[in-house]
Amino acid sequence: MIVFEHVSKIFKNNWTALYDINLNVNKGEFVFLVGPTGAGKSTLLKLIYCGDSASSGKLNVMSYPLHDSLSDAQITQLRRKIGIVFQDFKLLLDRTVYENIEFTLRVIGIRPLLIPEIVTSALNKVGLYNRKDFYPYQLSGGEQQKIAIARAIAKNPEILLADEPTGNIDYKGSTEILRILKDINFNGTTVLMATHDHIIAETSNKRIVRLENGKLLSDGD
Amino acid sequence: MKTESYYPMAINFLLNEGLKNISRNKSAFFLSVGVSTACLLLLSLFILLTTNLLRAKNQIEEKFEIYAFLTPDADANALIEKVNLISGVRQVTYVSKEEALIELRTDLAENASILDILDRNPLPASLRIKIDPSYKLSERLGELEEKIRILKGVKETWSGHDLLIRIQKIIRTVIGFDIGVLIIVFFAIIFIVSRTVEATIVAKAREIEIMKLVGASNTMVRFPFYVEGFLHGLFGGVIAIILTVVIYIFAQAHFPMLYFPWLMFLIVNLFFSILLGIGGSYLALSRILK
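Residues numbered from 1 in each chain as written. Chains lettered and ligands numbered in written order. Predicted model: local features only at pLDDT ≥ 70, side-chain atom pairs only at ≥ 80, totals over all residues. Heavy atoms only, no water.

Undergrad: I'd like a description of the side chain of S194(B), backed by residues and values.
TA: With respect to the helices, strands and loops of the structure, S194(B) is situated in helix α6 (residues 161-203). Exposure remark for S194(B): the relative accessible area of 3% places this residue in the buried category. (Helix = DSSP H or I, 4+ residues; strand = E, 2+ residues; numbered from the N terminus. Buried < 20%, exposed > 50% of the residue type's maximum accessible area, 1.4 Å probe, protein only.)

Here it is in structure tokens:
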């Protein structure tokens with residue numbers, strides 16, 4: 001589903017964010033990307049959703065060979081199949097919870113008639129349907145992250161990328177977020193979660209890929 | 001969860017997003033619409049002036065004739081024959097002294113009584129000579145007039161040629177101003193719309209980022225900004241039309257012969273302003289959303 005072959009990412013200032021990464025993620029897997037700040041976790045996720053391009057090597061995501069010549073339309077199609085969750089949630093503060101998810105579905109062209117059902121289902125999965133008319137600033141950090149997850153899964157992605165989704169959240173909230181991500185994975189979605197919190201990863205009984213200074217240190221449980 | 005059912009464009013959603021862009025940036029939007037309106041109004045007034053000058057020139061041209069005033073002893077029939085032989089002459093009409101006086105009385109209307117104090121009819125008989133249109137504004141008109149003037153029995157001639165040349169010069173100058181104003185308006189509206197849309201793009205940076213990350217197409221991201229530019233042009237154009245009509249009604253009270261070219265105003269103010277509005281959006285999007 002996701003294949004990195006000798007992928008490196010070197011920025012213009014000669015900083016090597018990723019070096020010779022070889023990684024293969026199968027459909028339906030749950031993979032933790034663990035490493036300290038600056039290890040290259042976010043860059044690796046960025047390459048998957050075409051937020052940036054690799055400097056060298058081969059990268060293939062859902063049979064899309066990712067390279068500079070990928071057209072805008074191809075990137076759009078790829079991103080519609082990927083859900084992304086960020087540490088800073090990236091919610092629209094002037095729209096309600098419902099409108100945040102509705103907005104995502106409208107911009108990717110989902111038929112309006114289907115939207116209420118999809119939004120309700122996504123909010124029920126994260127247990128926050130009762131917050132649908134709240135604005136993001138009226139919610140706790142954990143709740144905002146759950147809304148961001150609901151938004152990501154509303155479009156039924158094949159891959160869910162979560163970049164430090166528990167980074168700004170307390171332990172209880174983090175546990176809930178993790179449970180939700182595991183549920184999503186249980187239903188068939190491939191999940192890649194980047195975290196600096198190795199304890200969360202180690203207690204989850206899932207595949208762990210360790211990164212440090214842009215290099216892949218280990219790949220296993 | 002069933003999400004396969006995509007459809008290409010949610011027009012009402014995109015229009016709604018365009019309107020939201022405006023409502024978030026109301027003051028800047030209406031300020032720039034005001035500037036556009038002022039520019040379009042200026043252009044409209046110049047077009048109004050130009051079309052009326054052109055119309056006046058055409059009317060004068062339509063009625064264009066050479067007047068050849070005859071001496072008392074002139075042989076009118078012989079002169080008519082001679083004038084008809086001159087190249088460029090289309091039709092010659094004889095107007096007697098009496099007919100000239102009747103014409104003058106008609107022209108003077110309620111002031112015609114002033115003629116009653118005259119002991120005799122001072123007006124000379126004349127020939128009204130219609131000429132070929134190709135002669136009207138050319139050097140050849142002077143030669144033609146000269147050929148008539150030197151005929152025996154012709155006292156003097158008058159053609160209004162100088163008046164036409166003067167109007168022609170004024171029209172040329174005004175058209176020059178029109179082009180200047182058009183260029184200024186073009187750049188002013190493009191600039192002001194692009195700056196306003198740029199401000200909206202910056203204000204919506206987070207929204208645009210999210211749209212792109214979730215897989216919105218370029219059209220979906222850009223369309224609301226084109227809606228903003230379209231509405232900018234539409235508002236500016238409609239307000240400029242209303243103001244021009246108000247000025248026209250006011251001016252017509254003083255100059256009843258004033259002509260208002262409705263179709264041209266609709267085309268210029270709406271089509272032109274909408275086109276520039278969308279053009280301004282395109283420029284802003286090209287600069288910021290690469």
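Undergrad: Before we move on, could you go through the interface of chain B and chain A and cite the residues and values that matter?
TA: Chain B puts 26 residues into the contact, and the matching count from chain A is 31 residues. Between chain B and chain A the total buried area reaches about 2700 Å² when both faces are included, carbon and sulfur atoms providing 57% of it. On the surface where chain B and chain A come into contact, there are 3 salt bridges. Applying the counting criterion to the chain B and chain A interface returns 8 residue pairs in polar contact (both at pLDDT 80 or more). Taken together, the elements giving at least two residues each to the side of chain B that touches chain A come down to α1 (11-24), α7 (205-214) and α8 (218-254) of chain B. In terms of residues, the side of chain B that touches chain A owes the most to one element, α7(B), which gives 8 residues. For the side of chain B that touches chain A, the class distribution of residues is 11 nonpolar, 6 polar and 9 charged. (Contact = heavy atoms within 4.5 Å. Buried area = accessible area lost by both parts, 1.4 Å probe. Salt bridge = Lys/Arg side-chain N within 4 Å of Asp/Glu carboxyl O. Polar contact = N/O pair within 3.5 Å; in protein donor to acceptor, adjacent residues only side chain to side chain. Nonpolar A, V, L, I, M, F, W, Y, C, P; charged D, E, K, R; others polar.)

Undergrad: How would you sum up the environment of V191(A)? Please name residues and give values.
TA: Residue and element names in this part refer to chain A. Positionally, V191 belongs in strand β8 (residues 190-195). Judged by its relative accessible area of 0%, V191 is buried. Taking the C-alpha atoms as reference, V191 lies 14 Å from K46; in sequence the two are 145 residues apart. Discounting chain neighbours no more than four positions away, the residues touching V191 are E29, F30, V31, L160, L181 and N185.

Undergrad: Any details on the confidence of the model for chain B? Residues and values, ideally.
TA: Atomic detail in the predicted coordinates should be set aside for any region of low pLDDT. Residues and elements named next belong to chain B. Per-residue pLDDT for chain B averages 84, and the proportion of residues at 70 or more is 96%. Of all secondary-structure elements in chain B, the lowest mean pLDDT belongs to α1, at 81, while strand β1 (residues 66-70) reaches the highest, 91. Within the model, pLDDT remains below 50 along residues 1-6, and this stretch shows 22 contacts once partners closer than five positions in the same chain are excluded. Per the prediction output, this complex has pTM 0.73; the corresponding ipTM is 0.85. (pLDDT = per-residue confidence, 0-100.)

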